[in-house]
Amino acid sequence: MTNPSAGQTPSKAWGGVFREPTDKRVEAFSESVSFDRRLADDDIDASIAHARMLAACGLITVPEADAIAQGLEEIRGEIRRGAFEFTAAKEDIHLHIESALTARLGDIGRKLHTARSRNDQVATDLRLHCRRAIDRLDEGLLELQRAFLGLAVREQGLVIPGYTHLRRAQPVLASHQVLGWCEKFERDRSRLADCRRRTNVLPLGSGALAGSSLPIDRDHVAEALGFEGVAANSLDGASDRDFVCELAFVIALTMTHLSQWAEEWILYSTQEFGFLRLPEGFCTGSSIMPQKINPDVLELVRGKSARAIGNVQALLVLLKGLPTAYNRDLQEDKETIFDSIDTLEAVLGVAAPLVAGTSFDHARIAATLERGHLDATSLMEALITAGVPQRTAHETVGHLVRRAMTRGVSLAELSDEEFSREWAGWTAALRGALGASRAVERMASFGSTAPARVADQIVVWQRRLA
Ligand code: ARG
């Protein structure tokens, strides 16, 4: 290959040592610009900070840094307008931007890559990209939490059956169940924040693997780009992708929560359950069955969790065999993490409005609320309060439920005589433990579905999400 500055055809940024041109098939095989062009903004931000640092350290002049910054902003504008030409021959977004700069500025552009390698450059770009994604995802999750909180407030006081093993278990407040999702997404947000801290460390200045002999100031770049620290080992700094795996995992777990939610609401909105009415704008129809109103959005939320989970595995397998420092395998991290980010963002974009448009069907819920002896545990705890040992109380109520089941009635529909036959200490006052609503009202413990506790939690969430 030839030296472009010697007046020959411009070619590969790394072409100096080569005697043969790159095979076209290799260019097509190894290019990444088709997907890493989405790092353009991050690459330009990082390059501007790098150029300013080079000037501050006397490696280039201040007017040269100004020209570089201005040229890069022009290139940013061209890329945004769609006026920038991408070609596989220039491999990746980094070489595209640098060669466009050199086309504009000549030798000044050729100074930008001073004390820098694409290895620490791509690591920096990707960290900036993930950091911005984390902040957007956090905002999206906050919006979703607000939508759930809104639903909890609208449905305050409504009692629904609570399930374990998908069998009727104990009655709960609808608001309590809805706030349960806020808890999960709060943990996801806290994991994002934790992941952000480890993402927010500057690799630039690690060079290819060994650092640089030039008098650079890495803290200068870190401060300009808002990084909270500087990678302390150049070998690790240029190749660490833990932050990519962590983000993929946090996204996968968040998608797992979203999938559980989607499954629950698909079920609760069926004809058979009939607890929830989904907004029709978030349902779709059938091309053959005219009556169908399908929960496709929720099904896609559930379905899309699969790729988010798969991406975590893809990343771990990508890394597991790599020796120290940069290996080209690392180029494969991008499409994977981009896909995870895009998937969660797309889901959050529809989840919050879907929740905001959903309501509970009070009549349908009330019609079957007393089925399934949801108050059995409430009665057992009332017997415990009256001095019966827990195991005895459990067995006694078990007998009573069996009686009620045999007759096809609720516990409240048993006579005082039937109660007395199972437990001699029975008094009519114990009926205060019966019925789904009373069972909920008698709850007391912190974190329980007691109306006063749930009301407290609503206030806590209103403050937290304000
Ligand atoms: N496109 C490459 C990547 O994404 C950039 C770094 C290339 N470095 C190299 N030495 N070939 O990983």
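Residues numbered from 1 in each chain as written. Predicted model: local features only at pLDDT ≥ 70, side-chain atom pairs only at ≥ 80, totals over all residues. Heavy atoms only, no water.

Description of the packing of aromatic side chains
Rules: Centres within 6.5 Å are what make two rings of Phe, Tyr or Trp a pair, Trp counting through its six-membered ring; a difference in plane orientation under 30 degrees is then read as stacked, over 60 as edge-to-face, and the rest as tilted. A simple rule labels every residue: compare its accessible area, found with a 1.4 Å probe on the protein chains alone, to the largest value its type can have, and call it buried under 20%, exposed over 50%, or partly exposed in between. For a ring to carry a charge above it, either NZ of a lysine or CZ of an arginine must fall within 6 Å of the ring centroid while also lying within 35 degrees of the normal to the ring plane.
Under the criterion given, the structure shown has 13 aromatic pairs. With 5.4 Å between their ring centres and 85° between their planes, F273 and F275 make a pair best called edge-to-face. In this pair, the class of F273 matches that of F275, namely buried. Here the aromatic cluster, defined as three or more aromatic residues joined through ring pairs, consists of F148, F185, W261 and W265. Here R38 stacks its cationic end above the ring of F338, 4.1 Å away from the centre of that ring. The ring of F227 carries the charged tip of R131 above its face, separated from the ring centre by 5.2 Å.

Observations regarding the layout of surface pockets
Rules: Using only the protein atoms, space was sampled on a 1 Å grid; points where a 1.4 Å probe fits but cannot get out form cavities, open sets with protein on both sides within 12 Å along at least five of seven lines form pockets, and lining residues are those with an atom within 4 Å of a point. Grid points are joined across faces, edges and corners, and a volume is the space filled by probe spheres set on the points. The classification used treats Ala, Val, Leu, Ile, Met, Phe, Trp, Tyr, Cys and Pro as nonpolar, Asp, Glu, Lys and Arg as charged, and all other residues, Gly among them, as polar.
By volume, the second largest pocket amounts to about 510 Å³. If you trace the second largest pocket, you find 17 residues lining it, with S269, T270, Q271, L276 and I293 closest to the centre. Grouping the amino acids of the lining of the second largest pocket by side-chain chemistry returns six nonpolar, five polar and six charged.

Describing the site of the ligand
Note the cut-off: Residue proximity to a molecule or strand is established when one non-hydrogen atom of the residue lies within 4 Å of it. Within 3.5 Å is the distance limit for a polar contact, defined as a pair of N or O atoms, with the added protein rule that one can donate a hydrogen and the other accept it, and that residues adjacent in sequence qualify only through two side-chain atoms. What sets the accessible areas is the Shrake-Rupley method with a 1.4 Å probe; for residues, cover comes only from the shown protein chains. The helix count covers DSSP runs of H or I at least four residues long, the strand count covers runs of E at least two residues long, and both are numbered beginning at the N terminus.
If you check the shell around the ligand, you find S32, D36, D92, H94, R118, N119, V122, Y326, R328, Q331 and K334 and nothing else. Between a nitrogen atom of the ligand and a side-chain N or O atom of N119, the distance comes to 3.0 Å. Alone, the ligand offers 340 Å² of accessible surface; in the complex the protein occludes 86% of this. The element contributing the most residues to the shell around the ligand is helix α6 (residues 118-154), with three residues. Residues belonging to the shell around the ligand are distributed by class as follows: two nonpolar, four polar and five charged.

Section: empty space enclosed by the protein
For the structure shown, the criterion picks out two cavities of 30 Å³ or more. Space inside the largest cavity adds up to approximately 50 Å³. Mapped onto the lining of the largest cavity, the elements with two or more residues apiece are α7 (174-199) and α10 (242-268). It is α7 that provides the largest number of residues to the lining of the largest cavity, a total of four residues. Along the lines of polarity and charge, the residues of the lining of the largest cavity split into eight nonpolar, one polar and one charged. Every residue along the wall of the second largest cavity is listed here: H50, M53, A115, L202, L204, G205, I216, R218 and V221. Elements with a contribution of two residues or more to the lining of the second largest cavity: α3 (40-56) and α8 (218-225). In the lining of the second largest cavity, the residues fall into six nonpolar, two polar and one charged.

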